[in-house]
Amino acid sequence: MANPIAELNLVLETCGILDAATRTNIINREGFTSLDDLGVLETDTDVTEMAKRMATRTQAEGRVLLGTVVIKRLQTLVWWIRDQQKRGLALVAANFDAAVMTVIREFIVETK
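Residues numbered from 1 in each chain as written. Predicted model: local features only at pLDDT ≥ 70, side-chain atom pairs only at ≥ 80, totals over all residues. Heavy atoms only, no water.

Engineer: Describe in detail the pattern of salt bridges, supporting the description with residues and values.
Structural biologist: Evaluation of the coordinates by the stated rule reveals four salt bridges. The partner of Glu30 in a salt bridge is Arg53, with the nearest N and O atoms 2.8 Å apart. In this pair, Glu30 sits in helix H2 (residues 20-30) while Arg53 sits in helix H3 (residues 44-56), placing the two residues 23 residues apart along the sequence. One salt bridge connects Arg57 with Glu30, and the closest N-O pair in it is separated by 2.6 Å. With Arg57 in the loop between H3 and helix H4 (68-86) and Glu30 in helix H2, this pair connects stretches of sequence that are 27 residues apart. Grouping residues by exposure puts Arg57 and Glu30 together as buried. Three or more residues are tied together by salt bridges with common partners; here these are Glu30, Arg53 and Arg57. (Salt bridge = Lys/Arg side-chain N within 4 Å of Asp/Glu carboxyl O. Helix = DSSP H or I, 4+ residues; strand = E, 2+ residues; numbered from the N terminus. Buried < 20%, exposed > 50% of the residue type's maximum accessible area, 1.4 Å probe, protein only.)

Here is the structure:
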């Protein structure tokens with residue numbers, strides 16, 4: 001069985017959060033323990049609100065500033081996780097890559 005924290009680090013890195021300390025901060029402060037936890041974020045708004053909340057913290061509280069592209073990638077990640085969960089498929093971090101993100105973003109744009 002894969003290490004759940006390593007899986008979280010991998011998908012966050014895929015989304016463009018390259019700094020290990022920042023990924024650890026997000027995982028710890030937001031309470032993520034596995035990829036499944038990201039499925040509690042139901043909408044793009046949930047991801048945006050999480051980003052706003054992280055940005056309003058003080059440095060001592062673990063402020064994280066995410067750019068627009070990273071936020072969009074995180075929204076895509078949440079969509080992928082929720083889709084995998086709905087279809088009863090295993091969540092494997094290595095299956096979430098740039099090609100998958102592109103397909104998902106195109107699908108999301110087409111359905112809006």
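Engineer: Got a sec to walk through helix H1 (residues 4-14)? Specific residues and values, please.
Structural biologist: Where H1 is concerned, the buried positions are Glu7, Leu8, Asn9, Val11 and Leu12. Gly16 sits one or two positions beyond H1 and adopts a positive phi of about 105°.

Engineer: Give me the packing of H1 against H2: which residues, what numbers.
Structural biologist: Contact geometry for H1 and H2: axes closest at 10 Å, N-to-C directions at 120°. Regarding the angle of H1 to H2, the classification is oblique. Like other packed secondary-structure pairs, H1 and H2 cross with a definite hand, here right-handed. Touching Ile5, Leu8, Asn9, Leu12 and Glu13 of H1 are Arg23, Ile26 and Ile27, all from H2. Along the lines of polarity and charge, the residues of the contact of H1 with H2 split into five nonpolar, one polar and two charged. (Axes fitted to C-alpha atoms, helices over the stretch in contact; angles between N-to-C directions. Parallel < 35°, antiparallel > 145°, perpendicular 65-115°, else oblique. Left-handed = near helix turned anticlockwise from the far one by under 90°. Contact = heavy atoms within 4.5 Å. Nonpolar A, V, L, I, M, F, W, Y, C, P; charged D, E, K, R; others polar.)

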